[in-house]
Every structure is written in structure tokens, then in C-alpha cells.
Amino acid sequence: MSQKPVNKSRRQMMKLMVGSLAAVPVVNLVGMRTAQAGMPHVDEATDPTAQALQYKHDAAQANRTDKGGVKAADQFCHNCQFYQGDTDGGWGPCQLFPGKLVSKDGWCASWTLKQG
Ligand code: SF4
């Protein structure tokens, strides 16, 4: 029996394993984004956290003040360090509202400028 078929098979196995390992993070990311897209939007009128933090879907309707050297008018969820990115047409997860989405154009009293 020759060694060639075994080596070829090993090579194919190694390629498959490397390819599979590389695909895992991509699959997880896609799955996570899909799950986040199905999360409900924060209800600014009834959500206790939203009320406590004065969250508004439209930052222009919020009682913003200059903070950390950033003018009030320039503060939005999309440039806040707690916003985790747009996953649902202008809505995305916020670390302070687990399981819900906030508007990228929203604002709350915990707004903190995203670094970087
Ligand atoms: Fe928006 Fe930041 Fe408040 Fe979350 S913490 S609701 S991202 S301003």
C-alpha cells in the first residue's frame, strides 16, 4: 500500500479543520446579528430604565447638555461607547438595555463619548 493516498487524505483533513475553525467566528457573528435584529425596540414611554435615564428615540427631544467637551447637539447613541452598532435599520443594542434595541439617533443620560 502506498503512502500517497494517506498523505493526501491528511492534507485534505487539515484543510477542512483549518477552514472550519476560521468559519466559526463568522458564523457566530452572523447568528448574533440575526438574533439582535429580532430584539424589540426600547419603549421610551414605559420602560423603567428608559424613564430613569431619560432615554429618547430622537435625541433632539432629550434634555441634553454639553458633556465631556462634546456639545449637546453632537451626542447620539451612535457615538456613545455603550452602543454596539446598527443591527436593524438604524437600531442597535446598547449595553444598558439588554435584550432591546435603541435608536442610533437616540440619547440617554448615560451617554459617554465612544473612544477611538
Ligand atoms: Fe444610547 Fe448610550 Fe444611552 Fe445606550 S447608553 S441609550 S447608546 S446614549
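Treat the numbers as computed from the prediction; the structure is a model and nothing was measured.

Details of the site of the ligand
Surveying the vicinity of the ligand reveals the residues Tyr55, Cys77, Cys80, Phe82, Tyr83, Cys94, Leu96, Phe97, Cys108 and Trp111. Partitioning the shell around the ligand into residue classes produces 10 nonpolar, no polar and no charged.

A closer look at the environment of aspartate 86
Tracing the chain through its elements places aspartate 86 in the loop between helix H2 (48-52) and strand S1 (91-93). The partly exposed category is assigned to aspartate 86, whose relative accessible area is 39%. The spacing of aspartate 86 and alanine 37 is 49 residues in sequence and 9.0 Å in space, taken between C-alpha atoms. Looking at aspartate 86, its side chain comes within polar contact range of the main-chain nitrogen of aspartate 88, at 3.2 Å. Within the structure, aspartate 86 has its side chain in polar contact with the backbone nitrogen of glycine 90 (distance 2.8 Å).

A few points about the pattern of salt bridges
Under the criterion given, the structure shown has 2 salt bridges. Here aspartate 47 and lysine 100 are joined by a salt bridge, their closest N and O atoms 2.5 Å apart. Residue aspartate 47 is located in the loop between helix H1 (4-37) and H2, and its partner lysine 100 is located in the loop between S1 and strand S2 (101-103); the two are separated by 53 residues in the primary sequence. The class for aspartate 47 is buried, based on a relative accessible area of 6%.

What counts and how
Residues numbered from 1 in each chain as written. Predicted model: local features only at pLDDT ≥ 70, side-chain atom pairs only at ≥ 80, totals over all residues. Heavy atoms only, no water. Near = heavy atom within 4 Å. Nonpolar A, V, L, I, M, F, W, Y, C, P; charged D, E, K, R; others polar. Helix = DSSP H or I, 4+ residues; strand = E, 2+ residues; numbered from the N terminus. Buried < 20%, exposed > 50% of the residue type's maximum accessible area, 1.4 Å probe, protein only. Polar contact = N/O pair within 3.5 Å; in protein donor to acceptor, adjacent residues only side chain to side chain. Salt bridge = Lys/Arg side-chain N within 4 Å of Asp/Glu carboxyl O.

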